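Descriptive structure summary
Spelled out from the first residue to the last, the chains are:
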Amino acid sequence: MPRLSRLPRFPRLAGIATAAVALAALASAPTSAHEPTLTDPRVVEHFDFEAGQTPESIALEPDGSANVSFAFARQVARLSPHHEPRIIAELPAVANPTTPIVGAAVTVGIARAHDGTLYVNYATGTKLTGVWRVNPKHGTAKQIACLPKQGFPNGLALDEKRGVLYSADSINGTVWRVPTKAHPTRGCVKPKAWATGRKLQPLPPPAVGVGANGLQLRNGAVWVSNTDKGTLLRIPVKPNGSAGPIQTRATGLTAIDDFAFAFPKHDDTVLAALIATSEVAVVRPNGTHSIALTAEDGLANPTSVAVRGKTVYVPSASYFITPPNPNLLLATLNKHHHSS
């Protein structure tokens, strides 16, 4: 693949970073003594930017290792403590990618099934754009859903009970829903536009042009971030599987990327990656937020967040930081500060 130094570095997004700092400060609220705190931040892995090792999304294994999508390398990798990244699968190269926003074929959102099967969004600007199923044992990848060529499938979440995947399209402002099982003879299936609307759309130029981005499931609802609008949205899943009204749960989260819920069963406290300002925000159920981690802790354009027990995982892609420093940061989640 081309060296990353020859690929686009998101100039419009880089240009808003300074303004984003000020806006985020205005939207923040003072930290409460009765909420989670993140301590002991430490960078545990550094990646090779020139090799395309820009971690975009993360899905954890039961043993604490992590699966990440290396966006510009078109790879899915397994990260284990004290080991070099192990490449599980590499998606097929694209001769002339016309991918919106980035201009290169990139692996984006990733989700894990209980049996270890992985699913990943692949954005290419060609017919290969869609959801791919990855078998970690055999290192194989198969396209199971065809998404719009000129869309940008970003965040991805799996609902195993319903047997469907939800994919956030940053260009089309749509949450697509696709079955996890490809038809045995028809090949990859066409998606269903599960949720659409102004709240999911990107802003017009000169904004970055990234609408619906991160996506997670939580207690019978699909949560989505909108990067351009700095919002966190909640979309209820109706009993028949259709989408309910889109609810705005938080605003002022400048350049929010993907996110995770801090607790498995408690309230809807969110840890959100703010990519332009290299921060992680704690977003409270009432919509206010405060900054928990910053560039001083080692963040370099964080793209997503994952939580297992008391450990918080934050991959940084370093898309528009010079010199680049893509990495994986861990921090400790102090739950005893939280009131349920």
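Residues numbered from 1 in each chain as written. Predicted model: local features only at pLDDT ≥ 70, side-chain atom pairs only at ≥ 80, totals over all residues. Heavy atoms only, no water.

So, the overall build of the protein
Scanning the protein from N- to C-terminus turns up 2 helices and 24 strands. Nonlocal contacts in the protein, meaning residues at least 24 apart in sequence, comprise 53% of its contacts between residues at least 6 apart. As displayed, the protein offers around 14100 Å² of accessible surface, 54% of which is attributable to carbon and sulfur atoms. (Helix = DSSP H or I, 4+ residues; strand = E, 2+ residues; numbered from the N terminus. Contact = heavy atoms within 4.5 Å. Areas by Shrake-Rupley, 256 points an atom, 1.4 Å probe, with all protein chains shown as cover.)

Some thoughts on the state of the cysteines
With the rule as written, the count across this model stands at 1 disulfide. Note on cysteine connectivity: C146 is disulfide-linked to C188, with sulfurs 1.7 Å apart. Of this pair, C146 sits in strand 9 (residues 140-146) while C188 sits in the loop between strand 12 (174-179) and strand 13 (192-196), placing them 42 residues apart in sequence. Its relative accessible area of 22% is what places C188 among the partly exposed residues. (Disulfide = S-S within 2.5 Å. Buried < 20%, exposed > 50% of the residue type's maximum accessible area, 1.4 Å probe, protein only.)

Notes on the confidence of the model for the protein
Summing up the model confidence of the protein, the mean pLDDT is 89 and the portion of residues at 70 or higher is 87%. Across residues 1-33, confidence stays below pLDDT 50; counting only partners more than four residues off in sequence or on other chains, it has 63 contacts. (pLDDT = per-residue confidence, 0-100.)

Overview of the pattern of salt bridges
The tally for this structure, following the rule as stated, stands at 6 salt bridges. A salt bridge links E61 to R78, with the nearest nitrogen and oxygen atoms 3.5 Å apart. One end of the pair, E61, is in the loop between strand 2 (55-60) and strand 3 (66-70); the other, R78, is in strand 4 (residues 75-79), with 17 residues separating them in the sequence. Taken individually, E61 and R78 each receive the classification buried, so the pair is uniform in this respect. One network of salt bridges, with partners in common, ties together E61, R78 and R112. (Salt bridge = Lys/Arg side-chain N within 4 Å of Asp/Glu carboxyl O.)

Quick notes on the sheet that holds strand 17 (residues 247-250)
Taken in spatial order, the 4 strands make up an open sheet running 14-15-16-17, and their pairing is antiparallel. Taken across any chain shown, the strands that pair with only one partner, and hence form the sheet edges, are strand 14 (212-218) and strand 17. On average, adjacent strands in this sheet sit at an angle of 30 degrees to one another, irrespective of strand direction. Two elements, strand 15 (residues 221-226) and strand 16 (residues 231-236), share 6 bridges in a ladder whose sense is antiparallel. Counted as the bridge partner of V224 is L233 from strand 16. (Pairing = 2+ DSSP bridges. Axes fitted to C-alpha atoms, helices over the stretch in contact; angles between N-to-C directions.)

Concerning the environment of F152
Positionally, F152 belongs in the loop between strand 9 and strand 10 (153-159). For F152, a relative accessible area of 6% corresponds to the buried category. Residues F152 and G130, 22 residues apart in the sequence, show an inter-C-alpha distance of 9.0 Å. Those residues within four positions of F152 in sequence are excluded, and the remaining contacts are T99, P100, I101, V102, V106, V108, A123, A168, D169, S170 and I171.

Here we look at the sheet that holds strand 21 (residues 289-293)
Each strand in a sheet pairs with its neighbour through backbone hydrogen bonds, running either in the same direction (parallel) or in the opposite one (antiparallel). The sheet built from 4 strands is open, its strands ordered 18-19-20-21 with antiparallel pairing. Only two strands of the sheet have a single neighbouring strand rather than two, namely strand 18 (256-261) and strand 21. Taking each pair of neighbouring strands and ignoring which way they run, the sheet shows an average axis angle of 30 degrees.

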